[in-house]
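Next come the chains, spelled out residue by residue.
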Amino acid sequence: MAGEANRHLRDLAAAPHYHVIAQNHEGELIYSDGFTWPRAHGFAADLISPPAGAPVYEPVRTVWIVQGEPLWCPLAHGDNIPADEQAAPGFLDQVVQQQPYWSA
Ligand SMILES: [Zn+2]
């Protein structure tokens, strides 16, 4: 049984995660990290077409959904890791070259 549990944990650790990256009308990039695919879709949908009564809404003009590396992520998931902070701008530069998920 313990072996089962360990294998399950490993699978989770190696599962892909997704970033939702959006560009607002000022050209600033905003991003959120660590989504499963369904949650990334839901988050993107809320950015593109906010639900009625959404408390804060920042209009966006382009949205990307990008799969992250399972074991390494330059966006660092909120950790203040200097190497990741240096890698993040390059990562975002690559993202904006890709086909967007949605564009106004
Ligand atoms: Zn990530």
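Computed from a prediction, not measured in an experiment: that's the story for all the values here. (Residues numbered from 1 in each chain as written. Predicted model: local features only at pLDDT ≥ 70, side-chain atom pairs only at ≥ 80, totals over all residues.)

*Asks:* Mind showing me how you'd approach the pairing of strand 1 (residues 17-24) here?
*Replies:* Looking along a regular strand, one sees the side chains alternate between the two faces of the sheet. Burial of strand 1 is extensive: six of the eight residues sit out of reach of the surface. By the bridge criterion, eight bridges tie strand 1 to strand 3 (residues 60-68) in an arrangement that is antiparallel. Opposite Gln23, over in strand 3, you have Thr62 as the bridge partner. Examined bridge by bridge, strand 1 and strand 2 (residues 29-35) share five bridges and lie antiparallel to one another. For Ala22, the partnering residue across the bridge sits in strand 2 and is Ile30. The antiparallel hairpin formed by strand 1 and strand 2 contains four residues in its connecting segment, where Gly27 sits at a positive phi of about 85°. (Buried ≥ 20, exposed ≤ 12 C-beta atoms within 10 Å, placed from the backbone. Helix = DSSP H or I, 4+ residues; strand = E, 2+ residues; numbered from the N terminus. Pairing = 2+ DSSP bridges.)

*Asks:* What exactly am I supposed to notice about the nonpolar core here?
*Replies:* The tendency in soluble globular proteins is for nonpolar side chains to be buried as a group. Membership of the largest hydrophobic core is limited to eleven residues, which are Tyr18, Val20, Ile21, Ala22, Ala40, Ala44, Leu47, Val60, Val63, Trp64 and Ile65. Listed by contribution, the elements that provide at least two residues to this core are strand 1, helix 2 (37-48) and strand 3. (Core = buried A, V, L, I, M, F, W, Y, C linked by C-beta atoms within 7 Å.)

*Asks:* Which parts of the structure should I look at to understand helix 2?
*Replies:* Residues spaced three or four apart along an α-helix point in a common direction, a consequence of the helix completing one turn every 3.6 residues. Helix length check: helix 2, at twelve residues, gives a terminal C-alpha distance of 16 Å against a target of 16 Å (1.5 Å per residue), a fit within 8%. Listed in full, the buried residues belonging to helix 2 are Ala40, Ala44 and Leu47. The buried side chains of helix 2 occupy one side of the element, clustering within an arc of 55° when seen end-on. Against strand 1, strand 2, strand 3 and strand 4 (102-103) lie the buried residues of helix 2. (Expected span 1.5 Å × (residues − 1). Arc of directions from axis to C-beta. Contact = placed C-beta atoms within 7 Å.)

*Asks:* Explain the sheet that holds strand 4 here, please?
*Replies:* Pairing is antiparallel across the open sheet formed by four strands, whose spatial order is 2-1-3-4. Lying at the two open borders of the sheet, with one neighbouring strand each, are strand 2 and strand 4. Of the strand pairs in this sheet, strand 3 and strand 4 are connected by two bridges, and their pairing is antiparallel. The residue of strand 4 that forms the bridge with Val63 is Trp102.

*Asks:* What exactly am I supposed to notice about the environment of Val60 here?
*Replies:* With respect to the helices, strands and loops of the structure, Val60 is situated in strand 3. You can call Val60 buried: it has 21 C-beta atoms within 10 Å. Along the backbone, Val60 and Ala104 are 44 residues apart, and their C-alpha atoms lie at a distance of 7.9 Å. Sequence-distant contacts of Val60, that is, excluding residues within four places in its chain, are made with Ala22, Gln23, Asn24 and Leu47.

Functional significance is not addressed by these values, which are geometric in nature.
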